[in-house]
Amino acid sequence: MSTTSQLSTHLLEQFNHYSISELITFNNDIVENKGWGPSRSTFRHAVLKALAKKGIDLSPIISKEDGFSVIQIVKVRLEDNILVPIN
């Protein structure tokens, strides 16, 4: 995988085979471990995209500010098919 785009595509293909609870665990591990470097956002983006493809509502952690989407970097839990931030 030479580019971020290729890595993202590869991860998304792989993450489609994971359960929702496994993807939530991945998200929480990524958020908790700050030493990921530049690949961290690529991994998290693929995890969130896979969750969205499985029909999970991500709106509690995503907002629009000045026309840009802002995704909170928080641990989450699943509640009624909605991804809810853990405080």
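What counts as what
- Residues numbered from 1 in each chain as written.
- Predicted model: local features only at pLDDT ≥ 70, side-chain atom pairs only at ≥ 80, totals over all residues.
- Heavy atoms only, no water.
- Core = buried A, V, L, I, M, F, W, Y, C linked by side-chain atoms within 4.5 Å.
- Buried < 20%, exposed > 50% of the residue type's maximum accessible area, 1.4 Å probe, protein only.
- Helix = DSSP H or I, 4+ residues; strand = E, 2+ residues; numbered from the N terminus.
- Contact = heavy atoms within 4.5 Å.
- Pairing = 2+ DSSP bridges.
- Polar contact = N/O pair within 3.5 Å; in protein donor to acceptor, adjacent residues only side chain to side chain.
- Expected span 1.5 Å × (residues − 1).

**Description of the nonpolar core**
Point 1. Residues Phe15, Leu51 and Leu83 are the most contacted members of the largest nonpolar core, which totals 18 residues.
Point 2. Among the elements that line this core, the one with the most residues is helix α3 (residues 39-53), at five residues.
Point 3. Among all residues touching Phe15, those that are not within four sequence positions of it are Leu23, Phe26, Phe43, Ala46, Val47, Ala50 and Lys54.

**Let's talk about the pairing of strand β1 (residues 62-65)**
For a regular strand, side-chain orientation follows a simple rule: the groups alternate between the two sheet faces.
Point 1. As judged from the four bridges shared by β1 and strand β2 (residues 68-71), these two strands associate in the antiparallel manner. Paired with Ile62 across the strands is Ile71, a residue of β2.
Point 2. Hairpin connection, β1 to β2: the antiparallel pair is bridged by two residues, and Asp66 has positive phi, about 55°.

**What about the side chain of Asn27?**
Point 1. Within the secondary structure, Asn27 is located in helix α2 (residues 20-32).
Point 2. Look at Asn27 and you get buried, because its relative accessible area is 0%.
Point 3. Polar side-chain contacts of Asn27 include one of 2.6 Å to the side chain of Arg44.
Point 4. At a separation of 3.3 Å, a polar atom in the side chain of Asn27 contacts the main-chain carbonyl oxygen of Val74.
Point 5. Among residues more than four places away in sequence, those in contact with Asn27 are Arg44, Val47, Leu48, Val74, Lys75 and Val76.

**Details of the environment of Ala52**
Point 1. Relative to the helices and strands, Ala52 resides in helix α3.
Point 2. For Ala52, a relative accessible area of 37% translates into the label partly exposed.
Point 3. C-alpha of Ala52 to C-alpha of Ile20: the two residues are 32 residues apart in sequence and 10.0 Å apart in space.

**What to know about helix α1 (residues 4-15)**
Point 1. Compared with the 16 Å implied by 1.5 Å per residue over 12 residues, the 16 Å span of α1 between its first and last C-alpha is a close match.
Point 2. On the buried face of α1, the contacting elements are α2 and α3.

**Let's talk about unusual backbone geometry**
Point 1. A positive phi is found at Asp66, a non-glycine position, where the angle reads about 55°.
Point 2. Locating Asp66 in the fold gives a position in the loop between β1 and β2.
Point 3. Exposure remark for Asp66: the relative accessible area of 78% places this residue in the exposed category.
Point 4. You will see that Asp80, though not glycine, has its phi angle at about 55°, which is positive.
Point 5. Structurally, the position occupied by Asp80 is in the loop between β3 (76-79) and β4 (82-85).

Nothing here speaks to function; it is all geometry.
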